[in-house]
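# Report on the structure
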Amino acid sequence: MTGSPNLSRRDVLKIGGGLAATVGIGGSLAACSGGNEFEYMFWGSTGEQDAIEAMLAGFQDTQEDLTIKPVYTPADYDTKLNALVASGNVPDLGYVQPAMAYRLAEQGKLLDLAPHFDEYPSLGQRLPGSYFYWEEDKCLGTQGANETVITFYNRAAFAETGAQPPPASAAEAWDWDTYVENAYLLTADQSGRRPDEAGFDPTQVARFGTLASMWSGAWYGLLLSAGVDVVDSSGTRTMLDSPEAIDMFQKLVDLMYEHRVAPSPSQLGNNAPSMAVQLASGRLGMAIDGQWALLDVSQADVDFGVGVLPSLGTPKTTAMGGPTAIFADTEYVEQALELYAFQSDPDQVDLFSSGLWMPLEEKYYTDPEAIASWTDNDAHPPEYKTAVIDYTLENSQTYFTQKLRNVEEIDRLITSTTERIQTGEEDVATVMGELAAQLNDGMLQGVYPSAPQ
């Protein structure tokens, strides 16, 4: 479940895949004494592939009569999984993007995990926002891993310019003006002039202070911080045309065109380097991005730090992750449940310690020994505990795409709308009003249940 600084989490969750029988890829792990085969379908980077296959190899060691078959594919996952569902040739367990998971669960094609929570306590003791309930008492699964949105920064750039590093705790979160002021200090053209200095050349920027990401996973925390959500509590009316939302979007647009501390889409270009590369090269001072970027940033040649998001009122961030589901037709329910618990154990999967994933069980956010088991390494900077773990536990809200019904159509419309306003050529209030009119005209169909408290 990898993320990319220039790839929306929505795109990441669109995933890639298909079974070996369909696309001619994937192979079994070491064969067991029996001929029974269990298929695990997943997507991700090659690094994620290696980690998942290593995890499955570890689980294979616990099985005497079952061959675990990893099925990894890099593209067109939704299309291929839909074809497999139609043919009745589904895997036993696998990644599924949220909207499809809800649809399959409603069709009776996914196993209800709720009756098994007592038998497998680690499944029932996860972060409340990580569960996917399609009915009040029916759960199709949890996120495969948790993620949140934070601020990354280049320590050398801050030291050089005299800017103050982003705070590492929600209680000390910058207000927006402070965020912009520090972005000004970090931004410089080829002659060393800042945007607020005479002679600044916006066509020859050597380093931008920040990025103005219009991806909903990045701005959702800012919207929540301003005191509003994408929809009201019923999930049938949008709040994206509220004064608070319009002001938030205008602030992002202003980073590019008024303050000139963030690159516009045309300045970034179609093949912009990743956030990690820009941060390491000194092209970028700081950026709001998904925690999963920690993997790439920690492996880049850069002295980096992490902090909380700026606040527009109450410090907030986004928590998110795509579900992993057990298919109802599996012949191996017990083994599937065992593997479901096994795959989320940081002792079994190095994607937690490498920085790509965050755990799901609450103990990994509250128990010092459990926290150290996945963060006591070079990938996680010293301030990670307060800037990410505490921040997630105390100040996060589940990404709206995990709870809204009809979310694929809704998300496509929101994405196309934010692409319009990021050009700086259209009035934000007008565009958001048009968006609200479309959403409120029957597109919003409510929300799925939250996990029981």
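The rules behind the values
Residues numbered from 1 in each chain as written. Predicted model: local features only at pLDDT ≥ 70, side-chain atom pairs only at ≥ 80, totals over all residues. Heavy atoms only, no water. Helix = DSSP H or I, 4+ residues; strand = E, 2+ residues; numbered from the N terminus. Buried < 20%, exposed > 50% of the residue type's maximum accessible area, 1.4 Å probe, protein only. pLDDT = per-residue confidence, 0-100. Contact = heavy atoms within 4.5 Å. Pairing = 2+ DSSP bridges. Axes fitted to C-alpha atoms, helices over the stretch in contact; angles between N-to-C directions. Parallel < 35°, antiparallel > 145°, perpendicular 65-115°, else oblique. Left-handed = near helix turned anticlockwise from the far one by under 90°. Salt bridge = Lys/Arg side-chain N within 4 Å of Asp/Glu carboxyl O.

Tracing the sequence through the fold places A101 in helix α5 (residues 98-106). Residue A101 is classed as buried on the basis of its relative accessible area, which comes to 0%. Counting along the chain gives 33 residues from A101 to W134, while the straight-line C-alpha distance between them is 9.1 Å.

It is worth spelling out the confidence of the model for the chain at this point. Detailed conclusions should not be drawn from predicted coordinates in areas where pLDDT is low. When pLDDT is averaged along the chain, the result is 91; 92% of the residues meet or exceed 70. Contacts of residues 2-28 to residues separated by more than four positions or lying in other chains number 95 contacts, the stretch itself having pLDDT below 50.

The two faces of strand β10 (residues 304-307) match: F304 and V306 on one face and G305 and G307 on the other face are all buried. With four bridges connecting them, strand β6 (residues 147-154) and β10 associate as antiparallel partners. Note that in β10 the partner of N154 across the bridge is F304.

In this section: the packing of helix α10 (residues 243-257) against helix α19 (residues 428-443). At their nearest, the axes of α10 and α19 sit 10 Å apart, and the two run at 130° to each other. Compared by their axis directions, α10 and α19 come out oblique. In the crossing of α10 with α19, the sense of the turn from one axis to the other is right-handed. Where α10 abuts α19, its residues I246, F249, Q250 and V253 lie against V428, A429 and M432.

On to the pattern of salt bridges. This structure, assessed with the given rule, holds 13 salt bridges. Here R155 ties to D303 by a salt bridge, and the two come within 3.4 Å at their closest N and O atoms. Residue R155 is found in helix α7 (residues 155-161), and its partner D303 is found in the loop between α13 (294-299) and β10; the two are separated by 148 residues along the sequence. D303 sits in the partly exposed class, given a relative accessible area of 49%. One salt bridge connects D196 with R194, and the closest N-O pair in it is separated by 3.5 Å. Classification of D196 by relative accessible area gives partly exposed; the value is 49%. Residue classification places R194 among the partly exposed positions, given a relative accessible area of 28%. One continuous salt-bridge network, built from bridges that share partners, spans E37, E39 and K69.

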